[in-house]
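Analysis of the macromolecular model
Listed below, chain by chain, are the residues.
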Protein chains: 4
Amino acid sequence: MCGIFGIGGHDDAANLTYLGLYSLQHRGQESAGIATADDEGRFAVKVGMGHVADIFDGEVLRRLPGRRAIGHTRYSTAGASALMNAQPIAVRTSMGTLAVVHNGHLTNAGELRRELERSGSIFQTTSDTEVVLHLMARNPRRDVVESLMVALEQVEGAFSLLLLGEEVLVAARDRHGFRPLLLGDLDGTPCFASESGAFDLLGARIVREVELGEVIALRNGAGAIESHRLCGSTRPTRCIFEHVYFARPDSLLFGESVAEVRRRMGAQLAREQPAAADLVVPVLDSGLLAGLGFSRESGLPLEFGLIRNHYVGRTFIEPKQTIRNFGVKVKLNPVRGVIAGRRVVLVDDSIVRGTTSRKIVQMVREAGAREVHLRISSPPTRWPCYYGMDTPRRTDLIAARCELEEIRQFIGADSLGYLSLEGLLGVVDSPAESFCTACWSGDYRVAPTGGDPAQAPLFPLADDER
Amino acid sequence: MCGIFGIGGHDDAANLTYLGLYSLQHRGQESAGIATADDEGRFAVKVGMGHVADIFDGEVLRRLPGRRAIGHTRYSTAGASALMNAQPIAVRTSMGTLAVVHNGHLTNAGELRRELERSGSIFQTTSDTEVVLHLMARNPRRDVVESLMVALEQVEGAFSLLLLGEEVLVAARDRHGFRPLLLGDLDGTPCFASESGAFDLLGARIVREVELGEVIALRNGAGAIESHRLCGSTRPTRCIFEHVYFARPDSLLFGESVAEVRRRMGAQLAREQPAAADLVVPVLDSGLLAGLGFSRESGLPLEFGLIRNHYVGRTFIEPKQTIRNFGVKVKLNPVRGVIAGRRVVLVDDSIVRGTTSRKIVQMVREAGAREVHLRISSPPTRWPCYYGMDTPRRTDLIAARCELEEIRQFIGADSLGYLSLEGLLGVVDSPAESFCTACWSGDYRVAPTGGDPAQAPLFPLADDER
Amino acid sequence: MCGIFGIGGHDDAANLTYLGLYSLQHRGQESAGIATADDEGRFAVKVGMGHVADIFDGEVLRRLPGRRAIGHTRYSTAGASALMNAQPIAVRTSMGTLAVVHNGHLTNAGELRRELERSGSIFQTTSDTEVVLHLMARNPRRDVVESLMVALEQVEGAFSLLLLGEEVLVAARDRHGFRPLLLGDLDGTPCFASESGAFDLLGARIVREVELGEVIALRNGAGAIESHRLCGSTRPTRCIFEHVYFARPDSLLFGESVAEVRRRMGAQLAREQPAAADLVVPVLDSGLLAGLGFSRESGLPLEFGLIRNHYVGRTFIEPKQTIRNFGVKVKLNPVRGVIAGRRVVLVDDSIVRGTTSRKIVQMVREAGAREVHLRISSPPTRWPCYYGMDTPRRTDLIAARCELEEIRQFIGADSLGYLSLEGLLGVVDSPAESFCTACWSGDYRVAPTGGDPAQAPLFPLADDER
Amino acid sequence: MCGIFGIGGHDDAANLTYLGLYSLQHRGQESAGIATADDEGRFAVKVGMGHVADIFDGEVLRRLPGRRAIGHTRYSTAGASALMNAQPIAVRTSMGTLAVVHNGHLTNAGELRRELERSGSIFQTTSDTEVVLHLMARNPRRDVVESLMVALEQVEGAFSLLLLGEEVLVAARDRHGFRPLLLGDLDGTPCFASESGAFDLLGARIVREVELGEVIALRNGAGAIESHRLCGSTRPTRCIFEHVYFARPDSLLFGESVAEVRRRMGAQLAREQPAAADLVVPVLDSGLLAGLGFSRESGLPLEFGLIRNHYVGRTFIEPKQTIRNFGVKVKLNPVRGVIAGRRVVLVDDSIVRGTTSRKIVQMVREAGAREVHLRISSPPTRWPCYYGMDTPRRTDLIAARCELEEIRQFIGADSLGYLSLEGLLGVVDSPAESFCTACWSGDYRVAPTGGDPAQAPLFPLADDER
């Protein structure tokens, strides 16, 4: 997962992009970067490891001049996680300098890389983004926008991307719309962001989603945007897991309020999987809104029986003696007074490997809960994502290996209930078939081909400061 | 405000102290430090600026050997904020090496400093802790514990402190008990912490509060603790603002659950200051539990209409163009879908200067709220704290200058209601007179004397990396 | 200028490469990097900005496993100086992973880049090294060595390079031998270095120079090296400026001792440009050995009238008031007792812009010298270098614009004398025609074509931490 | 050893002090610091670990306002080496704020500390400087200068110090003059420095030495300096080892040129300890000028047979396989062409433990020297220094344990010769009895009393970033 932001024609472009990335930090804190271009087509690029606030300061932003900027914030990547793969990637081609940021995952990237390598391309990263740039360079056109469209018509899978050329800023989204991308307006200046939270911070307004298969070009000097369409029919396949977990609750996603959708998931979960209990405890922060919905629907009171430590995420040192449930305890602490002697419904968004849920249930029991009923506001996660979500291999997904009762026993809950796929799809306004449900159903509308280059990292070990 | 932790006789003393400080980070992130002593009375000390996780790593902890340790985490300090004032302070005296950590504020520190200076003492910090060490050095005793007690009988005000001597670890608390301090037990090893959350993480159990005026000594080799009493009568004057705002909600404080007390404050607030509205929105995170209590009591639904950005706190850069309500927006974002067209009760814990509340109200209005009713779960803050809370000067407290209606107008709310002092004191089980209420009532049971040395910083400018 | 080092088959490959680079630090301190490969063809790469000792530590070296390694240390580069251009560059091609380090400058790089771009290549750096990798990828062969040779036969100019493939380590040198490259032997393990100083530190012995146009391959598992030849006739054109200034004085360069050659230059200078003076003062450190030679030949005593500050090179802050000759004074300080009242011969290796020499002469005069006679142990520098030396544009070379007498007046010396080109060529054992003398004579045996891509930096501003 | 600098009344005080410290870096690179005071008596202090150029930058210097400044650069200290002991030390006393920097070592510091501790002082560092501040605070006077003089009359040993008070800058030097201290003049502004090199860089002129037992006060607003005298008779006992090794060769020390004195030492050494050899090789950098003197006197040619690596001093990593003479090789490399087959006289300034000399001799032999004759330009070092030089314990001094022939055998030289004490004293113009020769003769004119507090470090382990 990643977050992207771009702005096309503002004196404070780098700084606004920094703020945009700041509000997209929940989409990735491994690395971040910004590229800017001035009106003469001169580029400046800065990427770094860590939080956006650790990489950029006033001095660095001053060294990113120009009125157009694109930025990227990146989630931890399997394999060759490293500065090498940090974005934007900027390269020199026969069409001049190009810089790209990308959210998503191309399902035919491995195949395309091998073809490109066979015909003489060299790869310096393992990212899909570099594939797009090679495809553009192999099909140069007078107009960079046309070259990008030719390239994008060769790739399959999920992409929401921003490209900065010497005379143009382009936004593009795949024909399925797996990943979100919005067009905004900041006092007349067009801007783009993965989520509406970025616009809220800047005081920009949402214009609309970048449409499926749409390519929006903003040429230097032009007041208006240009809209193009990629060949082929569109088929909406939006990632509903964005609603379940990934997006900020204050975002408008695919036209709906994330907070509202999550609350409805909790309510539907209460209808499908009721529990004879005394109170509802959300697993913070991701279970908060579903917990609220479950409480409202079930009539069971919402209580904050688990408190989150705000400083989690920094390097951590375990003591010599092993502390029980250490990994979870540094993040969450049970409130004994709320839990002790009560029958507790825990509400969380999903179960991946099952080990964290097991520790939380154990911790809640040790805080004195009489019964623990775990309720999950999405269906069992049984299949890996090929469209940009960072999921483990299938064999590591507990629901791919175990039946419900086995999962319940492993986790140690008195009862376990998942939201049904139908129930989940019923709470969103858009039609069910407009969403990707592959991680639950295995229904991959765009099949991956040619293996996954990210599984064979280029330089596995020491390149983390490149 | 500060957090302190100590442990007396464990092979993993430094590491456990690190974890204890980690769970006390909400009490201060400006600087942190740990001192350890081994059985031969050799000390090691490490202090640094920033979060505890930025200062300590495995390598640093290995260089802090010994089975006894004390640690400190410090809030931002007015004036001479700096590594110079980071704790523990360790010094050499005729009684050997002594290291101290301290939470609180001495009301006669300025007077004592001047006396000590007049008789030839030199001060290298502006902290009260150094005053205590000077008083000890001026009254050396065979027994370090006795010397500490002689010193503490000369000071007035608030202190919860831990002292590490060559052969002893001592915990002491003033006769009013302004600041919390707990005795815990980790599998037979005594430990001390400002809040119970530190024990929860380590799997230690709470034994009891360190009593008012109590001095607990743990001598090397001794299995049991020794309890002493400072001269003079005790008069419980616990800081109830710890319950309102400062402590972790999962802590047991002064014998009561913070989460539960906060919920009751919200409920009482709903009774005292009802509002004709559609929903209750807590100002996260501090207003969460009072908001829940308000919702429960009023019957108005709790909704999360403000979402908190998790990455706040890092250095921040404002763009050239001024963004409306920038300072608040990087922390909180309104959820338009929840708020728009509704009559909203905002619940927060307190108003200090009023500027932040004003921005929040404005932001909620801009997100479409039809009416905004601000409810505060504590009385108007009218007086500065002299017992260790970091409050601005009186003239900066809006409630010290303005009447309720003026405050409402400044903040721009449709209505404004504070919890009454009686109402607040009614929700805690302990008797009303056992709490300090000075910040609301001006009733200072221990009057400050001799001015405040922290107002005249020693080296105001460039010592921040000392 | 750069320094390169490689070793082919040693358990401690990364660490030895680190030490090799350490002893080549005089050839560049802007950035450094090491790539290693293990017997399964897995690569690890680490590059960074600054001194080799700042980039690598025990932990980083442990993350560079494998028995084969190549390393690079880089001089400050005009234009796009940055981590982006740091070496080794490692890429993925149809022949597997390849990593390259390179010392020199290709005279047709600009032309080749444009051709490659036109046919669809993308460039991520401005370095010549990337051109070589593209040429290889465009002409893949079963055997990486063959592919490298095909690529090298297309490039012109100066290169001494090391390439690490999955199954081979290759060293190559251009047919003119502009830049040095030696084959060494460390207890049976072949190794390569720009200068013999690297071998001295490790206790390796010099086997021989890599010959002109030679390509040496060391295949995994093979005990012996394989020697190949690039097509085309060789024509020795070694950079004699390495002898004048660049190489370490303790190195054996092109078969001769640098220290000895420099001393002979000084002696010849004394014969050609005698001075009626009292003493000889070398401009440390570069003028030391020529100064010794001048003193020995002239009979004038050698005196250390200028002392060098050892800590130069770190960031420097000038005071508000301008100190006379500030830039030179932080490096050199005159010894008044040695200089005052005397007629001084200053011996330096070369004059580029003339501004530094002017300050030194002025400073020596202010220290009381009665007369200052400047003697330069090389001819007037009149032409830029196209073979890897970092020289300014022609218009910035004082000797390209001014006659001898004008230079003397600008510098303010009582007399000025350069070593003649014939004199210089006479002191080395190799035939005069085997050296490149272009920077003095303008006789470029390999003419640059197609402009210099380094003049059009890719990302001019903020990429310095990439 | 340390270097100190101060300036009394200049708009650019902090910056000039930074430059002064820069030129005194050879006197210590462990830590450095600057304190400034403005005309209202407000202080600012900055200390840090490492080179002065790593601690200070433009931003830090801007935060050190005020027209008066003192600075310090510190050599590695035995025991509690750490930021804790970095100077200036600044404290608050009844006379206001005081900041001190100090070069030297008090021989009764241990005794004074114990007395002060007994009467109630607390010590936060192990430095002698803190003792002086305590003595002042215990004897406050209206006039800070008087208080300083009362304190200094109680201490014994070596001190050259600078004190900054709210209204005065004071320089003081002990009655023996162990350590140098000069008064300079920068365009009318008085300044002080350990060595004249600091004045040279700034363009200040030397006025004179601060005299033995002199206390110079510069009061705010006063145009002229005030000179006072400490009670008791003066007895010049200057450290002649400053001439042998420690001072910059370009400094004027105790009225004589260091470079000239070193050259004479070499000449006298040649007379006393001639050698039948082919050439003279100085051990760089310390042996350079003695080597020149030896060469001139003996008629043997000076040759640079050992070359120094300029980047030494940074963290270093030894490879797994042990490289012969590794520790010396990273600093010095022999030039085989100069040495091979020749009879070499190595000239160095002193032998401490003998291990380094042994490695150098071995390395020179391995480079092919036929004979190696080691000549030392000072007498055998047999006694530790109690006056501020950092020497090992007596048992670690090879000349304290072994006879000349045993040392020669250990070192492996063909012959070994030291300069005689008479010979050494004969080359300086000042009378022999005006110098301290204790490290050679054991003649301690001021005997240490009461043990050495630096041997009992306060916090031995982890305080290095305090």
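**With respect to the overall build of chain A**
Within chain A one finds 17 helices and 23 strands. By the compact-globule yardstick of 23 Å for 466 residues, chain A fits well, its C-alpha radius of gyration being 23 Å. With the C-alpha coordinates of chain A rotated into their principal frame, the extents come out at 70 × 45 × 45 Å. Put simply, 69% of the contacts in chain A that link residues at least 6 apart link residues at least 24 apart.

**A look at the interface of chain A and chain B**
Across the contact, 63 residues belong to chain A and 63 residues belong to chain B. With both sides pooled, the region where chain A packs onto chain B buries about 5100 Å², and carbon together with sulfur makes up 58% of that total. The tally of links from chain A across to chain B stands at 4 salt bridges. The salt bridge involving R263 of chain A is made with E303 of chain B; its shortest N-O contact spans 3.1 Å.

**Here we look at the environment of V280 of chain B**
All names here are of chain B. Looking at the secondary structure, you find V280 in strand β17 (residues 279-282). Counting along the chain gives 23 residues from V280 to E303, while the straight-line C-alpha distance between them is 5.9 Å. With near-sequence residues (within four places) excluded, V280 lies in contact with G291, F294, S295, S298, L300, P301, L302, E303, V345 and V347.

**Description of the state of the cysteines**
Enumeration over the complete set of coordinates arrives at 0 disulfides over all chains. This cysteine, C239 of chain C, is not joined by any disulfide, and C385 of chain C carries the nearest cysteine sulfur, 6.1 Å off. Unpaired in terms of disulfides, C436 of chain D finds its nearest cysteine sulfur in C239 of chain D, a separation of 6.3 Å. Judged by relative accessible area, which is 13%, C436 of chain D ranks as buried.

**Focus on the relation of the copies chain A and chain B**
Superposing chain A onto chain B takes a rotation of 180° plus a shift of 0.0 Å along the axis, which leaves an RMSD of 0.1 Å. Look at the turn and shift together and you get a two-fold axis relating the two. Proximity to the rotation axis, assessed at the C-alpha, singles out H310 of chain A in chain A; its C-alpha lies 3.8 Å from the axis. By residue overlap, the copies meet face to face through one surface: 100% of the interface positions of chain A are interface positions in chain B.

**A short note on the sheet that holds strand β3 (residues 43-49) of chain A**
Residues and elements named next belong to chain A. Ordered in space as β3-β2-β4-β1-β10-β9-β11, the 7 strands form an open sheet in which the pairing is antiparallel. Each having just a single partner strand, β3 and β11 (205-209) make up the two edges of the open sheet. This sheet shows a mean twist of 15° between the axes of neighbouring strands, independent of strand direction. When strand β9 (residues 182-186) meets β11, the two strands line up antiparallel, connected through 4 bridges.

**Here's the deal with the arrangement of the chains**
Structurally, chain B and chain C remain out of contact, their C-alpha atoms never closer than 13 Å. With no contact formed, the shortest span from any C-alpha in chain A to any C-alpha in chain D equals 12 Å.

**Here we look at the sheet that holds strand β20 (residues 343-348) of chain A**
Residue and element names in this part refer to chain A. Spatially, the 4 strands line up as an open sheet ordered β17-β20-β21-β22, and their pairing is parallel. Either end of the sheet is taken by a strand with one partner, and the two such strands are β17 (279-282) and β22 (415-418). Ignoring strand direction, the axes of neighbouring strands in this sheet form an average angle of 25°. Contacts from helix α10 (residues 288-298) reach β17, β20 and β21 (371-376) within the one sheet, and its direction differs from that of β17 by about 170°. Across the sheet, helix α15 (residues 404-411) lies against β21 and β22, angled at about 125° from β22, the strand it touches most.

**Observations concerning the domain arrangement of chain A**
Residue and element names in this part refer to chain A. What the domain assignment reports for chain A is domain 1 (3-235) and domain 2 (257-431). Domain 1 and domain 2 are separated by 35 Å when their C-alpha centres are compared. Tallying the contact residues gives 9 residues for domain 1 and 6 residues for domain 2. Between domain 1 and domain 2 lies a buried interface of about 570 Å² when both sides are counted; carbon and sulfur atoms form 61% of it. Looking only at domain 1, the three residues that lose the most surface to domain 2 are H105, F178 and R179, adding up to 56% of its buried area. In this assembly, domain 1 and domain 2 are joined by 0 salt bridges.

**Things to note about the packing of aromatic side chains**
Across all of its chains, the model carries 44 aromatic pairs over all chains by this definition. A centroid spacing of 6.4 Å and a plane angle of 90° characterise the contact between W383 of chain B and Y444 of chain B, whose relative ring orientation is edge-to-face. On the criterion of sequence distance, the pair formed by W383 of chain B in the loop between β21 (371-376) and α14 (398-401) and Y444 of chain B in the segment after α17 (438-441) is long-range, its members being 61 residues apart. Connected via pairs of aromatic rings, a cluster forms that spans Y75, F241, Y245, F246 and W440 of chain A. The cationic tip of R113 of chain A hangs over the ring face of F123 of chain A; the distance from NZ or CZ to the ring centre is 4.1 Å. When the ring centre of W383 of chain C is taken as reference, the NZ or CZ atom of R394 of chain C above it lies at 3.7 Å.

**Points about the packing of helix α9 (residues 258-272) of chain C against helix α10 (residues 288-298) of chain C**
Residues and elements named next belong to chain C. Interhelical geometry of α9 versus α10 gives an angle of 45° and a closest axis separation of 6 Å. Classified by the angle between their axes, α9 and α10 sit oblique to one another. The hand of the α9/α10 crossing is right-handed. The segment α9 lies against α10, with A259, R262, R263, G266, A267, L269, A270 and R271 engaging L289, A290, L292, G293, F294, R296, E297 and S298. Split by residue class, the contact of α9 with α10 holds 8 nonpolar, 3 polar and 5 charged.

**Considering the side chain of D128 of chain A**
Residue and element names in this part refer to chain A. You can see D128 is positioned in helix α5 (residues 128-138). Summary of buried charges: D128 has no salt-bridge partner, and the nearest side chain of opposite charge, R113, is 6.4 Å away. Once residues lying within four places of it in the same chain are set aside, the contact partners of D128 are H102, G104, H105, L106 and A109.

**Some thoughts on the pattern of salt bridges**
All names here are of chain A. This structure, assessed with the given rule, holds 120 salt bridges over all chains. Between R42 and E40 there is a salt bridge, with the nearest N and O atoms lying 3.4 Å from each other. The class for R42 is partly exposed, based on a relative accessible area of 48%. Relative accessible area serves as the criterion here: at 58%, E40 is assigned to the exposed category.

**Focus: the environment of F246 of chain B**
Residue and element names in this part refer to chain B. Its location among the elements puts F246 in helix α8 (residues 241-246). Since its relative accessible area comes to 5%, F246 is described here as buried. For the pair formed by F246 and G50, sequence separation is 196 residues and the distance between their alpha carbons is 19 Å. Not counting chain neighbours up to four residues away, the residues in contact with F246 comprise M1, H26, R27, Y75, E195, F241, R262 and M389.

**As for the packing of helix α4 (residues 109-118) of chain A against α5 of chain A**
All names here are of chain A. Two elements in contact, α4 and α5, have axes separated by 10 Å at closest approach and are oriented at 45°. One element, α4, and the other, α5, form an angle in the oblique class. Once α4 is placed against α5, the crossing between them reads as left-handed. Taking contact as the criterion, the partners of A109, L112, R113 and L116 in α4 are, on α5, D128, V131, H134, L135 and R138. Here the residues of the contact of α4 with α5 are counted per class, giving 5 nonpolar, 1 polar and 3 charged.

About the cut-offs
- Along every chain, residues carry numbers that run from 1 in the direction the sequence is written.
- The lettering of chains begins at A and the numbering of ligands begins at 1, in the order of writing.
- In keeping with the predicted nature of the model, local features appear solely for residues at pLDDT of at least 70, side-chain atom pairs appear and are counted solely at 80 or more, and the whole-chain, interface and lining totals rest on all residues.
- The basis for every side-chain value is the complete set of non-hydrogen atoms in the structure, without hydrogens or water.
- Secondary structure elements are taken from DSSP: a helix is a run of H or I of four residues or more, a strand is a run of E of two residues or more, and numbering for both begins at the N terminus.
- Each radius of gyration reported is based on C-alpha atoms, and the globular scaling rule is 2.2 Å times the count of residues to the power 0.38.
- A contact between two residues is defined here by any heavy atoms of the two lying within 4.5 Å.
- A 1.4 Å probe defines the accessible area here, and the buried area is the portion of it lost by two parts on being joined, summed over both.
- What counts as a salt bridge is simple: a side-chain nitrogen of Lys or Arg found within 4 Å of a carboxyl oxygen of Asp or Glu.
- Counting rule for disulfides: a pair of cysteine sulfur atoms within 2.5 Å.
- Accessibility here uses a 1.4 Å probe with only protein chains present; expressed as a share of the type maximum, an area under 20% marks a residue as buried, one over 50% as exposed, and anything in between as partly exposed.
- When the copies are superposed, the least-squares fit takes in the C-alpha atoms of residues with a pLDDT of at least 70 in both.
- By this definition, two strands are paired if DSSP reports at least two bridges between them.
- Orientation is described by axes fitted as lines to C-alpha atoms, over the contacting stretch for helices, and by angles from 0 to 180 degrees between their N-to-C directions.
- Where each domain starts and ends comes from a domain assignment, either automatic or drawn from a database.
- Centres within 6.5 Å are what make two rings of Phe, Tyr or Trp a pair, Trp counting through its six-membered ring; a difference in plane orientation under 30 degrees is then read as stacked, over 60 as edge-to-face, and the rest as tilted.
- Lysine and arginine charges are scored as sitting over a ring when NZ or CZ, respectively, is within 6 Å of the ring centre and within 35 degrees of the ring normal.
- Relative orientations are named as follows: roughly parallel for angles under 35 degrees, roughly antiparallel for angles over 145 degrees, roughly perpendicular for angles from 65 to 115 degrees, and oblique for any other angle.
- Should the near helix be turned anticlockwise from the far one by less than a right angle, the crossing is left-handed, and should it be turned clockwise, the crossing is right-handed.
- The residue classification treats Ala, Val, Leu, Ile, Met, Phe, Trp, Tyr, Cys and Pro as nonpolar and Asp, Glu, Lys and Arg as charged. All others, Gly included, are polar.
- As used throughout, the charge tally considers Lys and Arg to be positive and Asp and Glu to be negative, leaving His and the chain termini uncounted.

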